[in-house]
Amino acid sequence: MSGIPSVVTDPERSRLMTRVRQKGTAPELVVRGILRSLHLGYRLQARDLPGSPDIVNRRRRWAVFVHGCYWHHHTSCRRATVPKRNHEFWTAKFAANRRRDARVVRDLRRRGYRVVIVWECETAAPDVLAARLERILAHR
Ligand SMILES: [Zn+2]
């Protein structure tokens with residue numbers, strides 16, 4: 001976010017941030033490292049699947065999204081703040097993001113995918129996260 005001049009209005013900033021779909025972010029690299037350590041193979045950025053999952057294994061039918069706590073508005077997370085300026089705009093924007101995320105998970109599950117949402121803040125405790133990923137993905 002630091003590269004974006006603060007003079008742009010919030011809706012403009014929102015549009016910019018929506019367009020910049022980051023890949024290879026620090027949290028995503030943590031998740032990829034964990035998956036490798038669990039010997040779980042994966043591919044990146046499946047654009048033809050709902051929501052373009054960040055990390056996917058089609059044969060085993062699972063998908064992992066690594067969500068930023070701010071943009072995806074992680075419930076009860078201290079990183080999920082709402083700007084005071086244009087508060088209503090941002091509240092609506094974050095609600096729309098969450099609705100879209102929920103729809104994507106539903107669509108993938110209908111296709112038989114196991115879907116894991118990893119929150120950015122979870123990558124601060126990689127051991128706990130590794131246990132969760134192993135529990136969900138390493139079997140079947
Ligand atoms: Zn969080």
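Just above, that's the structure.
All values reported here derive from a predicted model rather than from experimental measurement.

Help me understand the coordination of the zinc ion in this model?
Ideal donor angles around a metal are set by the shape: a four-donor tetrahedron calls for 109.5 degrees, a six-donor octahedron for 90 or 180 degrees. The zinc ion binds to the protein through Cys69 (SG), His74 (ND1), Cys77 (SG) and Cys121 (SG); the donor distances cover 2.1 to 2.4 Å. In primary sequence terms, the donor set of the zinc ion follows C-x4-H-x2-C-x43-C. In this pair, His74 sits in the loop between β3 (62-67) and α3 (87-110) while Cys121 sits in the loop between β4 (114-119) and α4 (126-137), placing the two residues 47 residues apart along the sequence.

What exactly am I supposed to notice about the environment of Arg60 here?
Within the secondary structure, Arg60 is located in the loop between β2 (55-57) and β3. What makes Arg60 partly exposed here is its relative accessible area of 40%. Taking the C-alpha atoms as reference, Arg60 lies 9.5 Å from Gly41; in sequence the two are 19 residues apart.

Could you clarify how one ought to interpret the packing of helix α2 (residues 26-37) against α4 in this entry?
Packed helix pairs are characterised by how far apart their axes lie and by the angle those axes make with each other. Where α2 meets α4, the closest approach of the two axes is 10 Å, and the angle between their N-to-C directions is 55°. It follows from the interaxial angle that α2 and α4 lie oblique. The interaxial crossing formed by α2 with α4 has right-handed handedness. The residues of α4 that touch α2, namely those facing Val30, Val31, Ile34 and Leu35, are Pro126, Leu129, Ala130, Leu133 and Leu137. A breakdown of the residues in the contact of α2 with α4 according to their chemical character gives 9 nonpolar, no polar and no charged.

Reading the values: the criteria
- Residues numbered from 1 in each chain as written.
- Predicted model: local features only at pLDDT ≥ 70, side-chain atom pairs only at ≥ 80, totals over all residues.
- Heavy atoms only, no water.
- Donors = N, O, S within 2.8 Å, 3.2 Å for Na, K, Ca; no water.
- Helix = DSSP H or I, 4+ residues; strand = E, 2+ residues; numbered from the N terminus.
- Buried < 20%, exposed > 50% of the residue type's maximum accessible area, 1.4 Å probe, protein only.
- Axes fitted to C-alpha atoms, helices over the stretch in contact; angles between N-to-C directions.
- Parallel < 35°, antiparallel > 145°, perpendicular 65-115°, else oblique.
- Left-handed = near helix turned anticlockwise from the far one by under 90°.
- Contact = heavy atoms within 4.5 Å.
- Nonpolar A, V, L, I, M, F, W, Y, C, P; charged D, E, K, R; others polar.

None of the figures reported here should be taken as evidence of function without further support.
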